[in-house]
Amino acid sequence: MNEEKQRIAIAEECGWTVNVDGKTVISPSGVGDRTLFAEVSMILPDYPNDLNAMHEAEKVLTDDQLFVMSRWLQHSTRSTLVGVAVMTATASQRAEAFLKTINKWEDSELRPFK
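Here is what the cut-offs are and how they apply
Residues numbered from 1 in each chain as written. Predicted model: local features only at pLDDT ≥ 70, side-chain atom pairs only at ≥ 80, totals over all residues. Heavy atoms only, no water. Helix = DSSP H or I, 4+ residues; strand = E, 2+ residues; numbered from the N terminus. Buried < 20%, exposed > 50% of the residue type's maximum accessible area, 1.4 Å probe, protein only. Contact = heavy atoms within 4.5 Å. Arc of directions from axis to C-beta. Polar contact = N/O pair within 3.5 Å; in protein donor to acceptor, adjacent residues only side chain to side chain. Axes fitted to C-alpha atoms, helices over the stretch in contact; angles between N-to-C directions. Parallel < 35°, antiparallel > 145°, perpendicular 65-115°, else oblique. Left-handed = near helix turned anticlockwise from the far one by under 90°. Nonpolar A, V, L, I, M, F, W, Y, C, P; charged D, E, K, R; others polar. 1 Å grid on protein atoms, 1.4 Å probe; cavity = no way out; pocket = protein on both sides within 12 Å on 5 of 7 lines; lining within 4 Å. Points joined across faces, edges and corners; volume = space filled by probe spheres on them. Core = buried A, V, L, I, M, F, W, Y, C linked by side-chain atoms within 4.5 Å.

(A) Broad picture of the side chain of S79. Among the secondary structure elements, S79 is positioned in the loop between α4 (63-77) and α5 (82-88). The buried category is assigned to S79, whose relative accessible area is 17%. Ignoring any residue separated from it by four or fewer positions in sequence, one finds S79 in contact with Q74, V84 and A85.

(B) Structural detail: helix α3 (residues 51-58). A53, M54, A57 and E58 are the residues of α3 that are buried. Down the axis of α3, the smallest arc covering the buried residues is 135°, so these residues share one side. Where α3 is buried, its residues meet α1 (3-13), α4 and α6 (91-101). Among the residues of α3, the N-terminal cap falls to D50, whose side-chain oxygen and the backbone nitrogen of N52 are separated by 2.9 Å.

(C) Examining the packing of α4 against α6 more closely. Here α4 crosses α6 at 130°, and the two axes come no closer than 9 Å. Overall, the two elements α4 and α6 adopt an arrangement that is oblique. The element α4 and its partner α6 pack so that their crossing is right-handed. Two secondary-structure elements touch here, α4 through Q65, V68, M69, W72, L73, S76 and T77 and α6 through Q93, R94, A97, F98, K100 and T101. When the residues that make up the contact of α4 with α6 are grouped by side-chain class, the tally is 6 nonpolar, 5 polar and 2 charged.

(D) A look at empty space enclosed by the protein. Summed over the entire model, instances satisfying the criterion amount to 1 cavity of 30 Å³ or more. Of the volumes computed, that of the largest cavity is approximately 30 Å³. As for the largest cavity, its lining consists of W72, H75, S76, Q93, E96, A97 and K100. Put simply, the parts of the chain that give the lining of the largest cavity at least two residues each are α4 and α6. The biggest single contributor to the lining of the largest cavity is α6, with 4 residues. A per-class count over the lining of the largest cavity returns 2 nonpolar, 3 polar and 2 charged.

(E) Spotlight on the nonpolar core. Residues I10, Y47, M54 and F98 are the most contacted members of the largest nonpolar core, which totals 26 residues. No other element matches the 5 residues that α6 contributes to this core. Residues in contact with Y47, not counting those within four places in the same chain, are R7, I10, A11, C14, W16, A53, M54, A57, A91 and A95.

(F) The environment of A53, seen in detail. As for its position among the elements, A53 is in helix α3. With relative accessibility at 9%, the residue A53 sits in the buried group. Between the alpha carbons of A53 and A91 there is a distance of 8.4 Å; along the sequence they are 38 residues apart. Among residues more than four places away in sequence, those in contact with A53 are P45, D46 and Y47.

What follows is the structure in structure tokens.
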């Protein structure tokens with residue numbers, strides 16, 4: 001899943017709207033911007049590369065979802081300790097784990113944690 005798709009999927013989960021015409025982006029506060037689709041990623045937070053943006057995104061998850069996300073992080077960092085995996089995960093790893101947690105990661109080999 002490329003970074004632009006990740007940014008759009010996470011943003012939508014956080015309350016942003018990217019209209020199907022690909023030219024309008026509306027923030028969670030209701031402020032809208034018209035742009036060329038190629039520039040949508042310039043408006044949305046840079047979730048895969050910004051730990052602060054991912055921290056904000058993680059606030060929309062329930063406690064159960066945060067638990068599942070921590071398991072994905074443990075798997076992706078190959079850590080034996082969940083706490084260490086969560087503390088040391090990069091923004092990119094967090095973005096992937098977030099999307100897997102909400103079942104929006106595009107990967108045919110995905111097997112959800114229970």
